[in-house]
Amino acid sequence: MALRRPRVYERDVKLVARSARASLQEEPMTLSMRSLVAAVAAMTVVAAGCGSDPETPPQPAPPDAGTQNVAPPPPPPPPPPPEPTACDATTSLGLTTMITGRAKTDAPAPMKPEGGPLCMVVPEGQTVSTQTMNLEPGHCYTVLAQGAAGVSEVDVQLILDTATALPPALAALAQNPTLAVDQETGASASIGPKQTCYAWPFPLPGLVKVVAKARTGTGPIALQVYKKKK
């Protein structure tokens, strides 16, 4: 780094020294005057050295902002799971026909359909449920469910509807609202088939829902509830 030029130059110092020597030659001086001249010359030399600006040490360069460790942005949240959708007319007809054929042995007369069938395309791991229905004392119920191509395991549950206020006699069921589950494996499932229909054990009606789950695979699932007097 280049130093700045001093304010008092070297030639000025030489001029002062010459003037002092000329004065000594022209007129004899006393010892005190010689001492004064020497002191002035010395001060001039000192001023020449002190007049320059001090050298500034080099400063470190600021860190490059591009090299700083910046945390990467968080990954985007996963997309929401797909929702079940209604079956098309052809799929619905095909599955309900299969359930009607099974009903001849799994829900035989005098059992009759309770409400209409439900058919939904269910993603794997998702569930669908019927509307709230009434279980009446003195009756028993059978639920038949059938999965189509793409679904290899269907689960079915009969669950007490706890979204509505329960009468005191049913309040204890709110801790465990599952009333019955299917015991089968595969794309066909049922609750209370043949002569084992589910009987509502309480003297007052109960509000329930049937829930079907596509445990393995994605595809259409249809179900139908049947009912008879005991």
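Refer to the structure above for everything that follows.
The paragraphs below set out a description of the structure included in this document. All of these numbers come straight from a predicted model, not from anything done at the bench.

Before going further, it helps to spend a moment on the state of the cysteines. The tally for this structure, following the rule as stated, stands at two disulfides. Note on cysteine connectivity: C87 is disulfide-linked to C119, with sulfurs 2.2 Å apart. Measuring the twist about the S-S bond at about -80°, one finds the C87-C119 disulfide to be left-handed. Within this pair, whereas C87 is found in the loop between β1 (85-86) and α3 (89-106), its partner C119 is found in strand β3 (residues 118-122), the two being separated by 32 residues in sequence. Accessibility expressed as a relative area gives 14% for C87, which makes it buried. Sulfur-sulfur distance for the disulfide between C140 and C197 comes to 2.1 Å. Residues C140 and C197 are joined by a disulfide whose S-S torsion is about -75°; by sign, that bridge is left-handed. Linking C140 in strand β6 (residues 139-147) with C197 in the loop between β9 (188-191) and β10 (198-199), this pair joins segments that are 57 residues apart in sequence.

Looking now at the environment of D155. Within the secondary structure layout, D155 lies in strand β7 (residues 151-160). Judged by its relative accessible area of 15%, D155 falls in the buried class. The sequence separation of D155 and A212 amounts to 57 residues, and the corresponding C-alpha distance is 5.6 Å. Those residues in contact with D155, other than ones at most four positions away along the chain, are D182, V211, A212, K213 and R215.

Moving on, we come to the pattern of salt bridges. Applying the stated rule across the entire model yields four salt bridges. For D106, the salt bridge goes to R102, with nearest N and O atoms at 3.7 Å. A residue pair is termed a helical-turn pair when its members lie 3 or 4 positions apart in one helix, as D106 and R102 do in helix α3 at four residues. The salt bridge involving R215 is made with D155; its shortest N-O contact spans 2.3 Å. Taken together, the positions of R215 in strand β11 (residues 206-217) and D155 in strand β7 put the pair 60 residues apart, joining distant regions of the chain. Note on R215: relative accessible area 46%, which makes it partly exposed. Salt bridges here are not isolated pairs; linked through shared partners, they connect R102, D106 and K194.

What counts, and at which threshold
Residues numbered from 1 in each chain as written. Predicted model: local features only at pLDDT ≥ 70, side-chain atom pairs only at ≥ 80, totals over all residues. Heavy atoms only, no water. Disulfide = S-S within 2.5 Å. Helix = DSSP H or I, 4+ residues; strand = E, 2+ residues; numbered from the N terminus. Buried < 20%, exposed > 50% of the residue type's maximum accessible area, 1.4 Å probe, protein only. Contact = heavy atoms within 4.5 Å. Salt bridge = Lys/Arg side-chain N within 4 Å of Asp/Glu carboxyl O.

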